[in-house]
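# Structural characterization, general
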Amino acid sequence: MRVLTCGLLGLAVLTGCGASPAPTADGDATVDKVREREAVIATCMKQKGFLYTPSVSRPKQSDADPADYEAMKAIRGKEGFGVFSAIVYPKPPEKGAQDPNKATIDALQGAKRDAYLKTMNECRVDALRQVNGLKVTSLADYQDQMSKEIENIDKALDGDPKLLELAAPFAECLKSKGERVASARPLALGGRGVEVWSKQLEKLREAGEVTAEAARPYLVKEIKSALVDLECGKDFYAAFVPLAKRLNNAARVKYGFEAQ
């Protein structure tokens, strides 16, 4: 769910979350909104004496169903929960579309750079009001509203009757298999594996760098744990993943981002 907090406005300078997002192939309407918003920003910047180039692009989309059992089993059979596999099988960083305004920003220094970024933030907030109909007064207000939206999504998942019904046997099954279960809340169960193995990795890193060779035996154990988790939670994930995706995408579209 936390993806909502990053990338919704574009450049990393706004939120510190990374490169600018690109609209997905969720529909032409989504792309049109992004294009319209970028045009409003460019006009706003021009009126205030700054150059800004609209940026709209489409990334490659995956047709995989994230809730498909066989697909999940295949991924977990190789990567586990994705913790130690990131060390054993490191992937090159994803290369998103280069923001056309990055060079302009990088060329500025001191007060000029500050003025440009401040104006761009203001223009982006104005564009969100005009194009997306958001009642936001500032970037900070925008981020506060997104944080509350994330809290609402978490509450909806943890309070969903169907998920609560499926969570109890899921947790009991995990315990019977010797897996650690700190909470039987749906949201906690959905992220349990990543949390458990991330803590294990953190402990190892306290002693120094963790090499691929050192991580491999842990990945073997993580894969075993991930497959047990999937078997115990087969019915749970079939309900949890689609609901989480639907709620998340509704929030993303509401706040001017693209559905995933």
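Fair warning: this is a prediction, and the values are worked out from it, not measured in the lab.

What follows concerns the state of the cysteines. Counting across every chain of the model gives two disulfides. The disulfide that involves C44 links it to C123, with 2.1 Å between the sulfurs. On the sign convention where negative means left-handed, the S-S torsion of about -70° between C44 and C123 marks this disulfide as left-handed. With C44 in helix α2 (residues 28-47) and C123 in helix α6 (residues 110-132), this residue pair connects regions lying 79 residues apart in the sequence. With relative accessibility at 10%, the residue C44 sits in the buried group. The side chain of C173 participates in a disulfide bridge whose partner is C232; the two sulfur atoms lie 2.1 Å from each other. Between C173 and C232, the S-S torsion sits near -60°, and that sign places the bridge as left-handed. Here the residue C173 occupies a position in helix α8 (residues 161-176), and C232 occupies one in helix α10 (residues 212-232), the gap between them amounting to 59 residues. The class for C173 is partly exposed, based on a relative accessible area of 21%.

Let us look at the confidence of the model for the protein. Taken residue by residue, the protein gives an average pLDDT of 86. The fraction at 70 or more is 84%. Mean pLDDT across the elements of the protein bottoms out in helix α1 (residues 12-15) (29) and peaks in α8 (98). Contacts from residues 1-27, a stretch scored under 50 in pLDDT, to residues over four places away or in other chains number 83 contacts.

Here the focus is the nonpolar core. Residues L157, F170, L189, F236, Y237 and F240 are the most contacted members of the largest nonpolar core, which totals 21 residues. Listed by contribution, the elements that provide at least two residues to this core are α3 (69-79), α7 (139-159), α8, α10 and α11 (234-254).

What follows concerns the packing of aromatic side chains. Under the criterion given, the structure shown has eight aromatic pairs. Aromatic pair F84 and Y218: ring centres 5.2 Å apart, planes at 15°, arrangement stacked. Pair noted here: F84 is in the loop between α3 and α4 (85-88) and Y218 is in helix α10, with a separation of 134 residues, a long-range link. Taking relative accessible area as the criterion, Y218 reaches 24% and is therefore assigned partly exposed. On the basis of an interplanar angle of 20° and a centroid distance of 5.2 Å, the ring pair of F236 and F240 is categorised as stacked.

What counts, and where the lines are drawn
Residues numbered from 1 in each chain as written. Predicted model: local features only at pLDDT ≥ 70, side-chain atom pairs only at ≥ 80, totals over all residues. Heavy atoms only, no water. Disulfide = S-S within 2.5 Å. Helix = DSSP H or I, 4+ residues; strand = E, 2+ residues; numbered from the N terminus. Buried < 20%, exposed > 50% of the residue type's maximum accessible area, 1.4 Å probe, protein only. pLDDT = per-residue confidence, 0-100. Contact = heavy atoms within 4.5 Å. Core = buried A, V, L, I, M, F, W, Y, C linked by side-chain atoms within 4.5 Å. Phe/Tyr/Trp six-rings, centres within 6.5 Å; stacked < 30°, edge-to-face > 60°.

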